[in-house]
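Chain by chain, the residues run as shown.
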Amino acid sequence: EVWLMRPDGTEAHPIDTQLPHTAYKIDWKPDGSKLVISTNGEMPRLYEYDIATGELSRPVECADECIEDWDPAYSPDGSQIVFIRDYGVLRPATGPGYYEAPDRCPVVIADIGSGEVTEVAEHLQGSGFCDYPWEPDWSPDGTQIVYWM
């Protein structure tokens, strides 16, 4: 469930996002009108939830070799979303976890208006598999992106 509350902890209540899977990471659009939400299901995807109307939409499509989109953050002007996109084949895990790393998992930026997606950074392990970046976010002025590995 996704919940809203005041900063002092009052008026806490769930909102009906009608997500097909459990919410994983959420970020506010800077103007406060929407939330971008990544789900934590069989195939995580990004959704935008409109606070005023309650409508749920997909800001970008994950197609072709794409297997999941996750860890979203809006740009300071709200026109773009930075997130991680996984490509390739999911292999069963040999240890703890859902699966082994996919073939590729670049940091990407999506333009919300056009849906255009641009890969901006990628890291591969020596084996050729993805070396996961985590939690990309924008600088306050929108000129840089930070993430950790």
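Let me begin by describing the structure that accompanies this report. (Residues numbered from 1 in each chain as written. Predicted model: local features only at pLDDT ≥ 70, side-chain atom pairs only at ≥ 80, totals over all residues. Heavy atoms only, no water.)

The biggest cluster of nonpolar side chains holds 11 residues, and these are W70, A73, V82, I84, C105, V107, I109, A121, C130, Y132 and W138. Sorting the residues of this core by element identifies strand 7 (66-74), strand 8 (80-87) and strand 9 (107-111) as the ones contributing at least two each. The residues touching W138, leaving out its near neighbours within four places in the chain, are A73, Y74, S75, P76, Q80, I81, V82, I109, Q144 and I145. (Core = buried A, V, L, I, M, F, W, Y, C linked by side-chain atoms within 4.5 Å. Buried < 20%, exposed > 50% of the residue type's maximum accessible area, 1.4 Å probe, protein only. Helix = DSSP H or I, 4+ residues; strand = E, 2+ residues; numbered from the N terminus. Contact = heavy atoms within 4.5 Å.)

Below, the discussion takes up the side chain of E48. The residue E48 is located in strand 5 (residues 46-50) in this model. Looking at E48, its side chain comes within polar contact range of the side chain of Y74, at 2.6 Å. Here E48 is in contact with K34, L35, E55, L56, S57, P59, Y74 and I112, once residues within four sequence places are set aside. (Polar contact = N/O pair within 3.5 Å; in protein donor to acceptor, adjacent residues only side chain to side chain.)

Further remarks concern the packing of aromatic side chains. Tallying each qualifying case throughout the model produces 2 aromatic pairs. Ring centres of W70 and W134 lie 5.1 Å apart, and the angle between their planes is 65 degrees; on these two criteria the pair is classed as edge-to-face. Here W134 lies in strand 11 (residues 134-138) and W70 lies in strand 7, a separation of 64 residues in the sequence. An aromatic cluster is built from W70, W134 and W148, whose rings are joined through pairwise contacts. The ring of Y47 carries the charged tip of R58 above its face, separated from the ring centre by 5.3 Å. The lysine or arginine in question, R104, covers the ring of Y87, its NZ or CZ lying 4.7 Å from the ring centre. (Phe/Tyr/Trp six-rings, centres within 6.5 Å; stacked < 30°, edge-to-face > 60°. Lys NZ or Arg CZ within 6 Å of the ring centre and 35° of its normal.)

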